[in-house]
Amino acid sequence: MSTLKADTIQSTGGGAATLTKQSAAKSWCFFDGTAGTISFSDSFNGSSLSDVATGQYDMNFSSSMSNNTYPALFSGADRNDNHATSPQSSSSCRMLNRMGIDGQTASDNDDSKCQFSLHGDLA
């Protein structure tokens, strides 16, 4: 078996290498959704976050997706919650943190450990 070691891999044009035939996340982030002004704790391909309403957050991407039908996943770690994402456009996605326990009607709730990831093709 051969071993390839590199600090940086670039395209022949000198920019970032394009991933093909792989399903690496094209964007992800971790943030505290309970803070007064939310911001990324860590992220990739995220330009900004907005606190839209209780339990609702918008993330804008640094590099847009090729369309708005990308698969996206969102989760929070504070409670037994139901989470959903709603792609808004090729350049942003809404994250919803909804909690409904024991047959109760689900309601939006803030969460301190929000995690988001999406896959698909970049534009």
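Calculation rules
Residues numbered from 1 in each chain as written. Predicted model: local features only at pLDDT ≥ 70, side-chain atom pairs only at ≥ 80, totals over all residues. Heavy atoms only, no water. Core = buried A, V, L, I, M, F, W, Y, C linked by side-chain atoms within 4.5 Å. Buried < 20%, exposed > 50% of the residue type's maximum accessible area, 1.4 Å probe, protein only. Helix = DSSP H or I, 4+ residues; strand = E, 2+ residues; numbered from the N terminus. Contact = heavy atoms within 4.5 Å. Pairing = 2+ DSSP bridges. Salt bridge = Lys/Arg side-chain N within 4 Å of Asp/Glu carboxyl O. Polar contact = N/O pair within 3.5 Å; in protein donor to acceptor, adjacent residues only side chain to side chain. pLDDT = per-residue confidence, 0-100. Axes fitted to C-alpha atoms, helices over the stretch in contact; angles between N-to-C directions.

Observations regarding the nonpolar core
If you look at soluble globular proteins, the nonpolar side chains tend to sit buried side by side.
No. 1: In terms of nonpolar packing, the biggest core is built from 16 residues, with Phe 31, Phe 61, Met 95 and Phe 116 touching the most fellow members.
No. 2: Sorting the residues of this core by element identifies β1 (27–31), β4 (56–61), β5 (72–76), β7 (92–99) and β9 (114–118) as the ones contributing at least two each.
No. 3: The residues contacting Phe 116, other than those within four sequence positions of it, are Ser 27, Trp 28, Cys 29, Met 59, Phe 61, Ala 72, Leu 73, Phe 74, Thr 85, Cys 93 and Met 95.

Regarding the pairing of β9
No. 1: β9 sits mainly inside the fold: four of its five residues count as buried.
No. 2: Strand direction decides the pairing type here: β5 and β9, joined by five bridges, are antiparallel. The residue of β9 that forms the bridge with Gly 76 is Cys 114.

Remarks on the pattern of salt bridges
No. 1: All told, the structure shown has one salt bridge when counted by the stated rule.
No. 2: The residue Asp 58 makes a salt bridge to Arg 94 at a minimum N-O spacing of 2.7 Å. In this pair, Asp 58 sits in strand β4 while Arg 94 sits in strand β7, placing the two residues 36 residues apart along the sequence.
No. 3: A relative accessible area of 15% places Asp 58 in the buried class.

Regarding the side chain of Ser 27
No. 1: As for its position among the elements, Ser 27 is in strand β1.
No. 2: Accessibility expressed as a relative area gives 0% for Ser 27, which makes it buried.
No. 3: A polar contact is formed between the side chain of Ser 27 and the backbone oxygen of Phe 44, at a distance of 3.2 Å.
No. 4: At 3.3 Å, the side chain of Ser 27 forms a polar contact with the backbone oxygen of Asn 45.
No. 5: Beyond its immediate stretch of four places on either side in the chain, Ser 27 contacts Phe 44, Asn 45, Gly 46, Met 59, Phe 61, Phe 116, Ser 117 and Leu 118.

Here we look at the confidence of the model for the protein
Residues shown with low pLDDT carry predicted positions that ought not to be read at fine detail.
No. 1: The predicted model of the protein has a mean per-residue pLDDT of 84, with 87% of residues at 70 or higher.
No. 2: Per-element confidence in the protein is highest for strand β2 (residues 40–44), whose mean pLDDT is 95, and lowest for strand β6 (residues 82–87), whose mean pLDDT is 70.

Some words on the sheet that holds β1
No. 1: An order of β2-β1-β9-β5 is seen for the four strands of this open sheet, with the pairing classed as antiparallel. Bordering the open sheet on either side are β2 and β5, each of which pairs with just one other strand. When strand polarity is set aside, the average angle formed by the axes of neighbouring strands in this sheet is 5 degrees.

Things to note about the environment of Ser 43
No. 1: In this structure, Ser 43 sits in strand β2.
No. 2: Residue classification places Ser 43 among the partly exposed residues on the basis of a relative accessible area of 28%.
No. 3: Separated by 15 residues in the primary sequence, Ser 43 and Trp 28 have C-alpha atoms spaced 5.5 Å apart.
No. 4: Those residues in contact with Ser 43 that sit more than four places away from it in its chain are Trp 28 and Cys 29.

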